[in-house]
Amino acid sequence: MKYLALAALLIATPALAETQTADPFPVISPDGSLYQAFGGHEGLVRITDDLMVNLLADPRTHDFFVAAKRDQIKTGLIQIFCHVMGGGCTYTGKNMTEAHSQLGIREEDFTALVESLQKAMDKNHVPFRAQNRLLAAMAPHHREIVTGAGKG
Amino acid sequence: MKHHLSGALLALSLLAGVPAARAESIFTYASGKLLLTGGVSQVEGAAGGGLTPWAVIGGYETKDQIGANAFYTSVDTQDYRITSQGALVGLYNRVEFSYARQDFDTQGVGAALDLGYGYTISQETVGVKVRLLGDAILDQDHWWPQVSAGAQVKHNRNGALVKALGARDDQSTDYYVSATKLYLAHGLLLNGTLRATKANQFGILGYGGIDNDYHLQFEGSLAYLVNRRLAVGAEVRTKPDNLAVAKEGAGVDIFAAYALNKHLSLTLAYADLGNIVTRHQSGLYGSLQVGF
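What you are looking at is a predicted structure, and each value in this text was computed from that prediction instead of being measured. (Residues numbered from 1 in each chain as written. Chains lettered and ligands numbered in written order. Predicted model: local features only at pLDDT ≥ 70, side-chain atom pairs only at ≥ 80, totals over all residues. Heavy atoms only, no water.)

Student: Explain the state of the cysteines here, please?
Tutor: Between two cysteines, a covalent bond joining their sulfur atoms is known as a disulfide. All names here are of chain A. Evaluation of the coordinates by the stated rule reveals one disulfide over all chains. Each sulfur in the disulfide pair C82 and C89 lies 1.9 Å from the other. In this structure the cystine formed by C82 and C89 twists about its S-S bond by roughly 75 degrees; its chirality is therefore right-handed. Overall, C82 belongs to the buried group, its relative accessible area being 0%. Of the residues examined, C89 reaches a relative accessible area of 24% and is grouped as partly exposed. (Disulfide = S-S within 2.5 Å. Buried < 20%, exposed > 50% of the residue type's maximum accessible area, 1.4 Å probe, protein only.)

If you want it as structure tokens, here you go:
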């Protein structure tokens, strides 16, 4: 019985360690300098506000967001961006796969969102290099987000 | 005359006015890639830098779309004017078909060789490229690049002349493998291409010479994104040295590629093409690409 518990512990420990290290949103700027380049919390609020305006104005993304819980999406994005850029936030929303599985988002829709985000970052004077660091951290999530036509 | 003019004006205003929404939907059809990430048109018509193919599939299409573009390129060197024009179609970000024609105007050299001033050697290239693995742009958490393999089927239209200069054939096929990776966080794009070729001076001087073997050549590109519309960089392309009549060396260039939008881009470069028959050739390179 003792051995069994020990064996279970041995098996469980690496698994635990793995869940702890496998952050779906790895921090790319632990010192928070990137978070500062984005204007901190206030900057991210302005950027996500502008992002949402752009997404509704773009016919390619309008339909995805018009009926969505936009405030909830903005809050989630702010938490993710803040966390990734070393602002010390925690993301409390659904995981990416769950949140997007029913939406049938295609790669071109994903690109349209990136372009709306680029416009919003431009408008808020985020330096090009800082923009690209955030985009590089977000790009791999196309795998959980893009579930529409021609997947794989 | 007046009638024709007003008719034309009416047609123009109709084109400009009514179908604007429709035109927009056509123009945004293949807009699924980010600006400049489909590369520009290399001299033989494939998507890439100016001299070398990249692993990217040309056009702005995604795996659900079809993209296309056409280009015109001109290089003016000390003794020659080289133009290239062509078009490509990108299917589902997987396969690229291209066609290009290069015209090599020998200008005064033609006169000196008794060919006549402005004697022009032409080559046609039909290309195919297939993406094998990876995504140079989206897979930012992978170290491995996007890899594609391609072939360029070349036909020199001045076979008698190039054979007289020592080439063995007036047609041949190049095979290449390209690996391309965008390091987005650093704004850097790297490409490496290995090409097996028999071509002399891209094929302008035919194929084969001292030997009739394939020669393995390296081509590389480095680009830095200044902003979303502008990339600057450098390229190198080694070439075989297989004709007895004249030495052949590597080509290099430094370039700036500017995309006004997804439909129009302009590339300016200073290209050094190495020795071409008479002497070292270098000069300004300009390329315009229009995409749909």
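So that's the structure; there's more coming.
Student: Would you mind going over the packing of aromatic side chains with me for this structure?
Tutor: Residue and element names in this part refer to chain B. Inspection of every chain in the model, using the stated rule, returns four aromatic pairs over all chains. Ring geometry for W143 versus W144: centroids 5.9 Å apart, planes at 85 degrees, classification edge-to-face. Given a relative accessible area of 34%, W144 falls into the partly exposed group. (Phe/Tyr/Trp six-rings, centres within 6.5 Å; stacked < 30°, edge-to-face > 60°.)

Student: Honestly, the nonpolar core in this entry has me stumped. Any pointers?
Tutor: Residues and elements named next belong to chain A. Of all hydrophobic cores here, the largest spans 74 residues; its most connected members are F38 and M85. The element best represented in this core is helix 8 (residues 128-138), accounting for seven residues. Residues within four places of M85 in sequence aside, it is in contact with S29, G32, L34, Y35, F38, L44 and L134. (Core = buried A, V, L, I, M, F, W, Y, C linked by side-chain atoms within 4.5 Å. Helix = DSSP H or I, 4+ residues; strand = E, 2+ residues; numbered from the N terminus. Contact = heavy atoms within 4.5 Å.)

Student: In this structure, what is going on with the environment of D211 of chain B? I would like to understand it.
Tutor: All names here are of chain B. Relative to the helices and strands, D211 resides in the loop between strand 9 (188-197) and strand 10 (215-225). The sequence separation of D211 and A167 amounts to 44 residues, and the corresponding C-alpha distance is 9.3 Å. At 2.9 Å, the side chain of D211 forms a polar contact with the side chain of H215. (Polar contact = N/O pair within 3.5 Å; in protein donor to acceptor, adjacent residues only side chain to side chain.)

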